Structure formats: C-alpha cells, structure tokens
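# Per-entry structural report
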Amino acid sequence: MSLRVELSLASLTWRLLLGRRRWIALILCNGLPALLAWLFVLEQADVSAREALNFAGGLLASVVLTVLLPLASLIFGAMALGQEIEDGTLAYSLSKPTARWRLVVTKVIVALGATLATVLPGIWLVGWIILGDAAHPLIRGFSVGVTVAALLYCAGFLALSLFTRRALIIGLLYVIGWEGSLSRLFAGTRTLSVREYATSLSEAVAGSDLAGPFTSPLEPWTAIWMSVALLGVATALAIGRLRGLELVEEI
Amino acid sequence: MSDSAPAEAARVLVRNASKWYGNVVAVNDISFDLAPGVTGLLGPNGAGKTTLLRLVAGFLQPSSGTVEVNGQTSWRNPSIYRDVGIVPEREELYPFLTGREFVRLNAVLHELPFVDVATEQAIEAVDLIDRQDEKIGTYSKGMRQRIKVAGALVHDPTVLLLDEPFNGMDPAQRLKMIDLLRDDASRGRVIVFSTHILEELHYLAEEVLVVVSGRLAASGNFREIRRLMTDRPHTFTVTTTDNRRLASALIREPSVSGVQLDDGHMVIRAADRGAFATALPRVAKEHGVGLREVIPADESLESVFNYLVEA
C-alpha cells in the first residue's frame, strides 16, 4: 500500500492546523516553560541538584502536563477533522475511495505531531536551562509520558469532534473538571485519568529517585494497558462514526 | 481525464427515497432512474435539491428507500467514489492551496497512476491553466467553482453531481462550462446538476427533475411534461392573414377555451392540445384564412416550472 494518500492528507491537515498564524501560539507555548525556567535560574543561582530537579519536575507537571498539553491536544485533536466538518470541506476528503480508518489514523498522527511540536521543545529547553541537559533522564521520562498522553488526548478529542460540534467546550470541561480536579481527588478514579498514565510512565522511565513530582500510585503496566485500551476505543469510535457520518446542510 | 468513453453505461437509480430530520421532511418518496446525459434538478430554494444530491452522493443515509450508483448502494460505500465526481454547493475550499495543489490532492486521494497528467488535463478543461499556481484564497467565486469542477473531473468519473455549479460564473464562463458538461455527457456520463435558475437548465438539459417541497413534481423531457399536463390549457401565439375572422370561428371550437386578439397576432388557449392541433388548420381552411405562424407560448421551461410549483 502506497503512503502517498496518507502523506497528502497529513500535509493538508498540518497546514489546516498550523495555518492562520497558529504557529505563533506554538512558539508562545514552547516559550512559556522555558521563560519560567530561565527566571528560576536567574533568581536561584546557588541551588542544589535536588532542588533544581524538583523545580524542573514541578514546572513541567504543573505548566505542561496540567495546562499546555491537554489544551494543545484538545485544539489540534478536535480541529483535525472538526474544522473541515464545520466549513464543509470534509466533503472533498470523504468523496474519495479512501478507507475511513486511513483518514482517522492519519489525522490522529498529525494532531499528535502538532501537539508535540507545541510542548516538546519547551520541555527540552527546561531540561537544558535548569538541568544543563536536554536529554536528562527526567526530561526523557517526561517526554515519554507526554507523548503517550498527547496520543490519547488527540485520539479522544478527534473522536469527540465527530459526535458533537461542541467538542472544544466539552473537551475543555473534561480537561478542567476531570483531569484537573476530580481524578486527583479520588484514588479510584486515577485508573481513568490520562494525566495519571503520563505521570506513571514518566516515573517508570525516569526512575523513582529522579521523578520528584512525577509520582503516581498507578502501576506502569496498568497505565500501559489502560492507554492501549483507551486508544483502541477512541480510534474505533472515530472510525465507526466517520463511516456513518452524514454531511448535513442546514435545512 | 481520458478521451475514451466509459466501458459500461453509467446509471443512477433512486427508489422511493425519503429523508427526514425529526418532523421535517426534506425529501419525500422520490424515485427516478438516470441514464447517461445531462439532467437538471430544478426547484425553488429549500425544495430539497441539495438533500437529494447528497443522498445520491452517499453523504446522507436515506430514511427510507434506496439510492444506487452504477448498481452499488451509495450510502456507507466509499468505493462508489471511483465512479463519482462531486461539486458541492458550499464555497469553502482550502484557501492556502493553489488551484493546482487542490486538483492534485484530489488526484492523489483517488490513487490515480498518472497524477500530474490527470491534474493538468482537468485544469485545462476548466480553463484555469494560467491561474493554477495562485492560491485559491485569491480566486473569484467563479474561479472557485471551476477549480471545484476540475477536482471532481480529475479521475474521469462516470457520474458527475454538481450542486448549483454556475454560481458566481460570468456569462462567458457559464457557456464554457455548459460546453464542457455537454461534451462530457455525450461521452456517456451521467451528469446531474441542481439549479434554481431556469436559464441555466434551458441551455444545458432537456431532461429535468422538478422538486417542489421535497417531492418530485415531474421528471422527463420538460416539453413532454408540459404536453402531458392536460388539466392546464395550452397557450399558442398565432399569426394569420385575418386574425379577427379566424378568432370568431375558433371560439366555437370545443378544443378552444379562449381567444385574445393582440397587436398583429392572437393568443389562443387550448383546452385539448391534440384536438386543437387538428382543428386549427381545418377551421382556417374552411374560412379561407392563411396561417403564418403558430408558436406554443407556454412550453418554455419557465412556464412548466411555474405550473408545477403553483399546482
């Protein structure tokens, strides 16, 4: 099977997602954690390695994992197909013999790429500025956790955009209400939190002694299996929905 | 696009198709069977033309009935798009793509073997070669319509569905597009286009589907449709050597329901078209009046449409 179709769709989606000067937001999102890291270094010249590690971990957990990552995933995941549904241009992709699963998988991968482009360089800059090494084990671990979380969020929000035109609002409520508060209040809900999967995987890759703020009661294998299940369900729902999607005009 | 005719005759078959949204019925129990040629889908705004085209295009699931394109169900069947080209009504396109990139994208998504050749031929067909490398965002409305048509034609479909394709085109562009579509139809394609502008239909299609309030009010050749409408009087403009004398004779004929003398001619309303056609020369001969011109005044598309909408 040629990948020409996927590459063309990916190029189109990338330009859709990052057109209209959205790349400025991309630079700002990467710049924010880097700026905070730089301010920390300026203010705290003589800090121990442990303190620097704790600050870097706390910064990444609170700014990137809690705020930037879910928001970027929400915007790119929901818009990867949602924008074309909204303006009617999806008709040009759907009026082709392309299997719908190829459309969904391509769109999820591009949304993931755009999300990672929005947060990963910032993470590496934090590592370089505070820890002196962009490939520090803490940064590597966090990068893995963030990548998995971004994939799950993008697949989930893309599926959501196929079921409702209010995906951005519902997604925002989910990010704030569930990931931001409820899932952290009750131990039993943590197995249903993408944030917890990311934290657990980050801790597993970085090592417990380095992880600092990345500690989760969730076992890494539980996080892996739950991630696979969630990804499978979200993708299957999106493919099924796209197969039966009606392009309805206002009547 | 290739110059060869499609191997098998293309066909669109709609059987008792309905589409409703809650209590709103958009399309109500419509059936038709389309062979190669141009068919105009005519109706006032909001009549259900776009919904009907979307049912044929496989973009909507029929609430009841069946819709087939070339023998295959159109709903949930992406493989039909190998044979179908679609020009949606909505103007939105990808403004950041050039015209050439857009048509090429369509060619790639159809997995054509010779993408660049097909792209160039399609753009040439709509006469946009000179502007193909400009961004679609800078195109006029008419140019957008033409590049959409190029995108729909790039894979040489046997069925072409166009929703209000002439919107925004200037008269010269319209004539070129009409020539293109006529040429395509003569090569065995089923072409269906919707319009609410009678003039467009008049130039392009003899066959019409008239949709009014979601129902198929009439289908077939529009002149035949008019002839079959026996409950409506037919109007003829007649010019003779002695209009006043023939008028007084014709008014006594049972097939004539009214005669009006006008400036240099008379307007005759015939209750029975067939009987009037034999009565007119007979009566004229009996009274020694010469017939100079007999013109059916209400076989125009507009009058047919008005009758059907008012019915």
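Residues numbered from 1 in each chain as written. Chains lettered and ligands numbered in written order. Predicted model: local features only at pLDDT ≥ 70, side-chain atom pairs only at ≥ 80, totals over all residues. Heavy atoms only, no water.

### Digging into the interface of chain B and chain A
A common measure of how large an interface is: the accessible area buried when the components associate. Contacts between chain B and chain A engage 35 residues on the former and 31 residues on the latter. Together chain B and chain A conceal approximately 3,100 Å² of surface at their shared face, both sides included; 62% is due to carbon and sulfur atoms. Inspection of the region where chain B meets chain A yields three salt bridges. Along the contact surface separating chain B from chain A lie 12 residue pairs in polar contact (both at pLDDT 80 or more). By residue number, the principal contributor to the side of chain B that touches chain A is helix 2 (residues 99-109) of chain B, which donates six residues. Of the residues contributing to the side of chain B that touches chain A, the split by class is 20 nonpolar, six polar and nine charged. (Contact = heavy atoms within 4.5 Å. Buried area = accessible area lost by both parts, 1.4 Å probe. Salt bridge = Lys/Arg side-chain N within 4 Å of Asp/Glu carboxyl O. Polar contact = N/O pair within 3.5 Å; in protein donor to acceptor, adjacent residues only side chain to side chain. Helix = DSSP H or I, 4+ residues; strand = E, 2+ residues; numbered from the N terminus. Nonpolar A, V, L, I, M, F, W, Y, C, P; charged D, E, K, R; others polar.)

### Structural notes on the domain arrangement of chain B
Taken as a whole, chain B is organised into domain 1 (12-226) and domain 2 (229-310). The straight-line distance from the C-alpha centre of domain 1 of chain B to that of domain 2 of chain B is 39 Å. (Domains from an automatic or database assignment.)

### A short note on the environment of A49(A)
Residue and element names in this part refer to chain A. Inspection of the secondary structure puts A49 in helix 3 (residues 49-87). Owing to a relative accessible area of 65%, A49 belongs among the exposed residues under this scheme. Linking A49 and R20, residues 29 residues apart in sequence, is a C-alpha distance of 42 Å. (Buried < 20%, exposed > 50% of the residue type's maximum accessible area, 1.4 Å probe, protein only.)

### Quick look at unusual backbone geometry
Although it is not a glycine, D156(B) sits at a positive phi angle of roughly 60°. Within the fold, D156(B) resides in the loop between helix 4 (141-153) and strand 7 (159-163).

### Looking at the sheet that holds strand 14 (residues 291-296) of chain B
Residues and elements named next belong to chain B. Taken together, four strands build an open sheet; the order of strands is 12-13-11-14 and the sheet is antiparallel. Two strands close off the open sheet at either side, each with one partner strand: strand 12 (256-261) and strand 14. Sheet twist, expressed as the mean angle between neighbouring strand axes with direction ignored, is 20°. Here five bridges tie strand 11 (residues 234-240) to strand 14, and the two strands are oriented antiparallel to one another. Paired with T237 across the two strands is I295, which belongs to strand 14. Against the sheet, helix 8 (residues 243-250) engages strand 11, strand 12, strand 13 (266-270) and strand 14, with an angle of about 160° to strand 12. Lying over the sheet, helix 9 (residues 273-286) contacts strand 11, strand 12, strand 13 and strand 14, oriented at roughly 170° with respect to strand 14. (Pairing = 2+ DSSP bridges. Axes fitted to C-alpha atoms, helices over the stretch in contact; angles between N-to-C directions.)

### Some thoughts on the sheet that holds strand 8 (residues 190-195) of chain B
Residues and elements named next belong to chain B. Taken together, six strands build an open sheet; the order of strands is 6-7-8-3-9-10 and the sheet is mixed. Looking at strand neighbours, the two that pair on one side only are strand 6 (84-87) and strand 10 (215-221), the edges of this open sheet. Geometrically, the sheet is characterised by an average inter-axis angle of 15° between neighbouring strands, direction not taken into account. Each of strand 3 (37-42), strand 6, strand 7, strand 8 and strand 9 (207-212) touches helix 1 (residues 49-57); the most contacted strand, strand 7, lies at about 155° to it. With respect to the sheet, helix 4 is in contact with strand 6 and strand 7, its orientation differing from that of strand 6 by roughly 165°.

### Some remarks on the packing of aromatic side chains
Residue and element names in this part refer to chain A. The tally for this structure, following the rule as stated, stands at 10 aromatic pairs over all chains. Judged by centre distance (3.8 Å) and plane angle (5°), the ring pair of F40 and F55 falls under stacked. Here the residue F40 occupies a position in helix 2 (residues 22-43), and F55 occupies one in helix 3, the gap between them amounting to 15 residues. For F40, a relative accessible area of 13% puts it in the buried group. Judged by centre distance (5.8 Å) and plane angle (5°), the rings of Y153 and F157 are stacked. Here Y153 pairs with F157, and both are found in helix 6 (residues 137-163), just four residues apart, close to one helical turn. (Phe/Tyr/Trp six-rings, centres within 6.5 Å; stacked < 30°, edge-to-face > 60°.)

### Section: helix 3 (residues 115-125) of chain B
Residues and elements named next belong to chain B. Residues V115, A118, T119, A122 and I123 constitute the buried set of helix 3. The buried residues of helix 3 occupy an angular sector of 125° when the element is viewed end-on, so they sit on one face. Remark: D127 follows helix 3 within two positions and exhibits a positive phi of approximately 60°. (Arc of directions from axis to C-beta.)

### A closer look at the pattern of salt bridges
Applying the stated criterion to the full structure yields 17 salt bridges over all chains. The salt bridge involving E6(A) is made with R102(A); its shortest N-O contact spans 2.6 Å. Residue E6(A) is found in helix 1 (residues 4-18), and its partner R102(A) is found in helix 5 (residues 100-131); the two are separated by 96 residues along the sequence. Here E6(A) matches R102(A) in class, with each residue buried. Ionic pairing is found between E134(B) and R131(B), a salt bridge with its closest N-O pair at 2.9 Å. For E134(B), a relative accessible area of 29% puts it in the partly exposed group. Among the residues examined, R131(B) registers a relative accessible area of 32% and is labelled partly exposed.

### Some points on the side chain of S161(A)
All names here are of chain A. Within the secondary structure, S161 is located in helix 6. For S161, the side chain forms a polar contact with the main-chain oxygen of L158, separated by 2.6 Å. Residues contacting S161, with those up to four places away along its chain left out, are G77, A78, L81, G82, I85 and A167.

### Comments concerning the packing of helix 6 of chain A against helix 8 (residues 194-206) of chain A
Residue and element names in this part refer to chain A. Close contact between helix 6 and helix 8 brings their axes to 7 Å; oriented N to C, the two are set at 150°. If you check the angle between helix 6 and helix 8, you find them roughly antiparallel. Both helix 6 and helix 8 take part in a crossing whose hand is right-handed. Residues P137, L138, R140, G141, F142, V144, G145, V148, A149, L152 and Y153 of helix 6 lie in contact with helix 8, whose contacting residues are V194, R195, Y197, A198, L201, S202, V205 and A206. (Parallel < 35°, antiparallel > 145°, perpendicular 65-115°, else oblique. Left-handed = near helix turned anticlockwise from the far one by under 90°.)

### Regarding the packing of helix 2 of chain B against helix 4 of chain B
Pairs of packed helices are described in terms of their axes, by the angle between the two and the distance that separates them. Residue and element names in this part refer to chain B. Across the interface, helix 2 lies against helix 4 with an axial gap of 8 Å and an inter-helix angle of 25°. Compared by their axis directions, helix 2 and helix 4 come out roughly parallel. Judged by the sense of rotation from one axis to the other, the crossing of helix 2 with helix 4 is right-handed. Residues G99, F102, V103 and N106 of helix 2 lie in contact with helix 4, whose contacting residues are I147, K148, A150 and G151. By residue class, the composition of the contact of helix 2 with helix 4 is four nonpolar, three polar and one charged.

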